[in-house]
Amino acid sequence: MGALIEHLPVLAVAVSLLGSFTVVLTSLYTRKAGYPLSLSVTFIQLVMAVAILMNINSGGAISYWLGGWRPPWGIEYRVDILGAYVLVIVTLFSFLATVYARKTVEKEIDPEKQPYFYTLWLLLVSGMAGVAVTGDLFNLFVFLEIASLATYALIAMAGKRALIASFNYLVLGAVGISFYLLGTAFLYAATGTLNMLDARALLTLIYDSRIVQLSFVFYFIGLAMKMALFPFHVWQPNAYEHSPSAVTVIISTALAKVNAYALFRLIFSVYTVKFFQNYGTIFELTAIVASAGIIAGSVLAIMERSLKKMLAYSSVANVGYIVLSFTLGKWGVYAAAAHLLNHSLMKAALFMVAGGFIYRLGIRRIDELEGLGRAMPLSSAAFAMAAVSMIGIPPSAGFVTKLFILLASLDTGRFVFIAVMIASSLLSLVYFWRVIEILYMKGHRERMDELPASMLYPALIMGVLSILAGILWFFSIDILDEIVIALGVV
Amino acid sequence: MLLHGVMGVVDILGYYNYWGFVILLAIGLYGALACENLFKKMVGLSIFQTAIFLLFISIADVGTFETLGLKSGTAPIFWEEIHEYRYVNPVPHVLVLTGIVVAAATLAVGLALIIRIYREYGTLNEEELRWEL
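Residues numbered from 1 in each chain as written. Chains lettered and ligands numbered in written order. Predicted model: local features only at pLDDT ≥ 70, side-chain atom pairs only at ≥ 80, totals over all residues.

A.B. asks: Before we move on, could you go through the overall build of chain B and cite the residues and values that matter?
C.D. replies: Secondary structure assignment for chain B yields six helices and three strands. Along chain B, helices and strands appear, N-terminal first, in the series α-α-α-β-α-β-β-α-α. (Helix = DSSP H or I, 4+ residues; strand = E, 2+ residues; numbered from the N terminus.)

Quick look at the structure:
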C-alpha cells in the first residue's frame with residue numbers, strides 16, 4: 001500500500017490522459033463509450049485524490065521523481081496538503097460535472113462529435129489534475145496549456161457564437177499563458193532552476209534582484225488573465241455564456257480554481273511571504289486590483305440581463321476575493337483556501353441549474369424565469385440555496401469566506417477591506433435577490449417536469465452543501481490549519 | 001568623452017538578441033491585442049511567443065568557462081573557438097522545444113476556429129463580429 005501511495009500523484013494525471021485516448025479509439029466502434037469511460041475515470045481520480053489527502057501527514061508531502069531523475073534536474077511531482085486539497089476539489093467537481101454532462105451533451109452536441117467531446121473533456125481534467133500535483137514551474141505551464149487548449153475546443157463545440165467567444169478566450173488565454181512563460185524565463189535566468197522547492201531556497205538570497213521582482217509581475221499578469229481577474233476578465237462572460245452547459249460548470253468550478261491555485265502556489269511556496277514583506281508595494285497593488293475587481297464584478301453583474309453572464313460576473317468578483325485574501329496574512333490564507341472550495345460549491349449549483357433552464361426551456365434571460373420557482377421547485381431550490389450562500393448568510397459557504405476575510409482585515413489592521421467586503425455583499429444581495437424574486441414571486445407557470453435526475457441531484461447536493469458549509473468547515477478546519485502550517489505563513 | 005559614448009553604444013548593441021526579444025515582444029503583443037483582423041491576431045500571438053523563445057535561447061548562453069571559473073565541463077553542447085570554450089546550457093533549449101510544440105498547437109486551434117468563424121459569418125473583422133455576440 002505504501003508503495004502505491006507514492007505513485008498516486010502521477011497516476012491521478014495519467015489515468016485521465018489514457019482515458020482520453022481510449023475514448024478516441026473506442027469511437028471507431030461505438031459512440032456510446034465516451035460517457036461511461038469519462039464517468040469511471042473521473043471517479044477513479046476522485047478516489048485517488050481522497051486517498052492522497054488522507055495519507056499526507058501534516059507538513060509532509062508525497063514526492064514523485066519522473067523517470068527517477070533527482071528533483072532539481074528532473075521533473076518532480078510534489079503533493080503537499082494544499083496540492084492534495086486542490087486535487088480533491090478538481091476531481092470532485094470534474095466528477096460531478098461529468099455526471100451532469102450526459103443529458104446536456106446528448107442535446108447540445110452533434111452525435112458524431114460526442115466521443116471527441118469526452119476526449120477533450122478528459123484531456124482538460126488531466127491538465128487540471130497535473131497543475132495540482134506538479135512541483136515544477138515549467139511542467140505547470142505545460143499542464144495549464146493542455147487544460148486551456150482542451151477548453152478552447154470544448155467551448156467552440158457549441159457552434160455559432162461560441163466560436164467567437166472561444167477565439168477571444170484563446171487570444172487572451174494564450175497571451176496570459178505566454179506571460180507565465182515569460183515569468184518562468186526571468187525566474188530561470190535569476191535562479192537557474194525550475195523546481196519550485198529549489199527556486200524557493202535559491203530566491204532567499206536574491207530577493208533584491210530586479211529580475212526576480214519582474215518575474216513575479218509577469219506571473220501575476222499571466223495568471224490574472226487566465227483566471228479572469230478584473231481588468232483582464234473581458235473574455236470570460238462570453239465564454240461562460242455561449243459554451244455548452246457542462247463545459248460552463250467545469251470551467252467555472254475546477255479550471256478557475258486551478259489557475260487561482262497556481263498563483264497561490266507561486267506566492268506562498270516559491271516567492272514566500274518574506275519576499276513580499278520586502279516589497280510591500282506589490283502586495284498593495286495586488287490588493288487594490290483585487291478590491292476593484294470585487295466591486296466592478298458585482299456592479300457588472302447587477303447590470304447584466306443574461307443569467308449565465310450575471311453568474312460569470314459574480315465569478316469575476318469572487319476571483320477578486322481569492323486574490324485579495326492572498327495579501328491578508330495568515331487569516332487571508334484561511335480565506336483563500338476555504339474559498340477555493342466554497343466558491344466551487346456555490347457556482348456548481350448555480351451554473352448547473354442555469355444550464356438546466358436552458359436545457360428544459362431554452363431560457364437564458366433573467367426576466368424570463370418568472371414562475372419557475374413553483375413550476376420546478378427542486379431545481380429552483382438548488383439555485384436559491386446557492387444564491388443565499390453567495391450573499392453570505394450564516395452558516396453558508398459564502399459566510400465562511402467572509403468571516404475569514406473579516407478576521408484577516410482585523411488582524412492586519414486594514415479596515416478598508418471590510419468596507420469592500422460589505423459593499424460587495426450588499427451588491428450581491430441586489431443581483432441575487434432580483435433572480436430569486438423573479439423565480440418565486442412573479443408570474444405563474446403550470447407545474448412541469450423537474451430536470452433529469454443526473455442534472456438535478458448534483459445541483460441539489462451542491463446547493464445543500466453550500467448552505468451547510470459553515471457547519472462542515474467547523475468540523476474540518478484542521479485541513480486549513482495544516483495548509484497554513486505547511487505554507488509556513490504563521 | 002566621444003570614445004566613452006561609442007563604447008556605450010557598442011555595449012548596448014552587444015545585447016542585440018535581448019533588444020530583438022523586447023522589440024518582437026512589443027510587436028507581438030500589439031498584434032495580438034490591437035489588430036482587428038483575427039488572422040493577424042494569431043500572427044501577432046506567434047510573434048509574441050517566439051520572442052519569449054528568443055529570450056530563453058539568449059539566457060542559455062552562460063559564457064565562457066573562464067568567466068564561470070570552470071576548468072572542465074560535461075555539458076553535451078560545447079565547441080572550441082580559438083581561445084575559449086563556449087558553453088551553452090541545454091535546459092532552455094529543451095524548454096523551447098516544448099514551448100514550440102505548445103505554440104504550434106495553440107496556432108492550430110486558433111486557425112481552425114478562424115476557418116469555422118469565416119464559414120459561419122463570412123468575415124474575420126473583430127468589430128463586425130463583436131455585434132454577433
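Moving on from the coordinates now.
A.B. asks: Now, about the overall build of chain A: what can you tell me, with residues and values included?
C.D. replies: For chain A, the helix and strand inventory stands at 19 helices and two strands. With the C-alpha coordinates aligned to their principal axes, the bounding extent of chain A is approximately 70 × 60 × 40 Å. Each of the 490 residues in chain A was classed as buried or not, and the buried ones make up 63%. Residue pairs at least 24 apart in sequence account for 81% of intrachain contacts in chain A once pairs closer than 6 positions are excluded. (Buried ≥ 20, exposed ≤ 12 C-beta atoms within 10 Å, placed from the backbone. Contact = placed C-beta atoms within 7 Å.)

A.B. asks: Please provide a residue-by-residue account of the packing of helix H3 (residues 38–60) of chain B against helix H5 (residues 90–121) of chain B, values included.
C.D. replies: All names here are of chain B. Running from N to C, H3 and H5 cross one another at 180°; their axes reach a closest spacing of 10 Å. Comparing the axis directions of H3 and H5 gives the class roughly antiparallel. Between H3 and H5, the residues in contact are Leu38, Phe39, Met42, Ser46, Gln49, Phe53, Phe56, Ile57, Ile59 and Ala60 and Pro92, His93, Leu95, Val96, Gly99, Ile100, Ala103, Leu107, Gly110, Leu111, Ile114 and Ile117, respectively. (Axes fitted to C-alpha atoms, helices over the stretch in contact; angles between N-to-C directions. Parallel < 35°, antiparallel > 145°, perpendicular 65-115°, else oblique.)

A.B. asks: Hey, could you go over the packing of helix H3 (residues 81–108) of chain A against helix H13 (residues 329–361) of chain A for me, with residue numbers and the actual values?
C.D. replies: Residues and elements named next belong to chain A. Relative to each other, H3 and H13 sit at 0°, their axes nearing to 11 Å. Between H3 and H13, the angle falls in the class roughly parallel. Contacts between H3 and H13 involve Tyr85, Val86, Ile89, Phe93, Leu96, Tyr100, Lys103, Thr104 and Lys107 from the former and Ala337, Leu340, Leu341, Ser344, Ala348, Met352, Gly355 and Tyr359 from the latter. Split by residue class, the contact of H3 with H13 holds twelve nonpolar, three polar and two charged. (Nonpolar A, V, L, I, M, F, W, Y, C, P; charged D, E, K, R; others polar.)

A.B. asks: Run through the interface of chain A and chain B, naming residues and quoting values.
C.D. replies: Contact with chain A, which involves 25 residues of that partner, is made by 26 residues of chain B. Mapped onto the side of chain A that touches chain B, the elements with two or more residues apiece are helix H5 (137–156) and helix H6 (161–191) of chain A. Tallying contributions element by element places H6 of chain A first for the side of chain A that touches chain B, with 16 residues. Residues belonging to the side of chain A that touches chain B are distributed by class as follows: 19 nonpolar, three polar and three charged.

A.B. asks: Could you give an account of the environment of phenylalanine 95 of chain A, with specific residues and numbers?
C.D. replies: Residue and element names in this part refer to chain A. When you line up the elements, phenylalanine 95 lands in helix H3. C-alpha of phenylalanine 95 to C-alpha of glutamate 241: the two residues are 146 residues apart in sequence and 22 Å apart in space. In this structure, phenylalanine 95 is in contact with Thr42, Phe43 and Leu46, ignoring residues within four places of it in sequence.

A.B. asks: Just give me the short version of the confidence of the model for chain B, but keep the residues and values in it.
C.D. replies: Residue and element names in this part refer to chain B. Counting all residues, the mean pLDDT for chain B is 78, and 72% of those residues have values of 70 or more. Residue range residues 64–78 is modelled with pLDDT below 50. Its contacts to residues more than four positions away, or to other chains, number 21 contacts. Reported confidences for the modelled complex are a pTM of 0.91 and an ipTM of 0.88. (pLDDT = per-residue confidence, 0-100.)

A.B. asks: Please provide a residue-by-residue account of helix H7 (residues 196–203) of chain A, values included.
C.D. replies: Residue and element names in this part refer to chain A. Every buried residue of H7 is listed here: Met196, Asp198, Ala199 and Leu203. For H7, the arc enclosing every buried residue in end-on projection is 160°, short of the 170-degree limit, so these residues lie on one face. For H7, the elements touching its buried residues are H5, H6, helix H8 (210–226) and helix H10 (245–278). (Arc of directions from axis to C-beta.)

A.B. asks: Would you mind going over unusual backbone geometry in detail, with residue names and values included?
C.D. replies: Residue and element names in this part refer to chain A. Between proline 394 and proline 395 the backbone carries a cis peptide bond, its omega angle lying at 5°. Within the secondary structure, proline 395 is located in the loop between helix H15 (377–391) and helix H16 (397–412). Positive phi, close to 60°, is recorded for threonine 272, a residue that is not glycine. With respect to the helices and strands, the residue threonine 272 is situated in helix H10. On the basis of neighbour counts, which here come to 18 C-beta atoms within 10 Å, the residue threonine 272 falls in the partly exposed class.

A.B. asks: I'd like a rundown of the nonpolar core, residues and numbers included.
C.D. replies: By size, the foremost hydrophobic cluster in this structure holds 228 residues, and its most contacted members are Leu87, Met128 and Ala349 of chain A. Ignoring any residue separated from it by four or fewer positions in sequence, one finds alanine 349 of chain A in contact with Ala382, Phe383, Met385, Ala386, Ala459, Met462, Gly463 and Ser466 of chain A. (Core = buried A, V, L, I, M, F, W, Y, C linked by C-beta atoms within 7 Å.)

A.B. asks: Go over the pairing of strand S2 (residues 76–79) of chain A with me, naming the residues and quoting the values.
C.D. replies: Residue and element names in this part refer to chain A. The alternating pattern of S2 places Glu76 and Arg78 on one face and Tyr77 and Val79 on the opposite face, and all of these are buried. Two strands pair when backbone bridges link them, and strand S1 (residues 62–65) and S2 are joined in this way by four bridges, in the antiparallel orientation. Its bridge partner being in S2, isoleucine 62 is matched across the sheet by valine 79. (Pairing = 2+ DSSP bridges.)

A.B. asks: Can you lay out the environment of alanine 453 of chain A for me, pointing to particular residues and giving the numbers?
C.D. replies: Residues and elements named next belong to chain A. Assignment of secondary structure puts alanine 453 in helix H18 (residues 453–475). Among the residues examined, alanine 453 registers 11 C-beta atoms within 10 Å and is labelled exposed. In sequence terms alanine 453 and methionine 421 are 32 residues apart; their C-alpha atoms lie 37 Å from each other.

A.B. asks: Give a detailed account of the confidence of the model for chain A, specifying residues and quantitative values.
C.D. replies: Per-residue pLDDT for chain A averages 88, and the proportion of residues at 70 or more is 99%. For chain A, per-element mean pLDDT is lowest for helix H14 (residues 372–375) of chain A, which scores 83, and highest for H5 of chain A, which scores 93.

A.B. asks: Outline helix H17 (residues 416–441) of chain A, supporting the account with residue identities and numerical values.
C.D. replies: An α-helical turn contains 3.6 residues, so any two residues separated by three or four positions project in the same direction. Residues and elements named next belong to chain A. Helix length check: H17, at 26 residues, gives a terminal C-alpha distance of 36 Å against a target of 38 Å (1.5 Å per residue), a fit within 8%. When H17 is considered as a whole, its buried residues turn out to be Phe417, Val420, Met421, Ser424, Leu427, Ser428, Tyr431, Phe432, Val435 and Leu439. Close packing links the buried residues of H17 with helix H11 (280–303), helix H12 (307–326), H14, H15 and H16. With its phi angle positive at about 65°, glycine 443 sits one or two positions after the end of H17. (Expected span 1.5 Å × (residues − 1).)

A.B. asks: An account of the environment of leucine 378 of chain A is needed here, citing residue identities and associated values.
C.D. replies: All names here are of chain A. Mapped onto the elements of the fold, leucine 378 is located in helix H15. With 221 residues separating them along the chain, leucine 378 and methionine 157 place their C-alpha atoms 29 Å apart. In this structure leucine 378 touches Glu450, Leu456 and Leu460, once residues within four positions along its chain are discounted.

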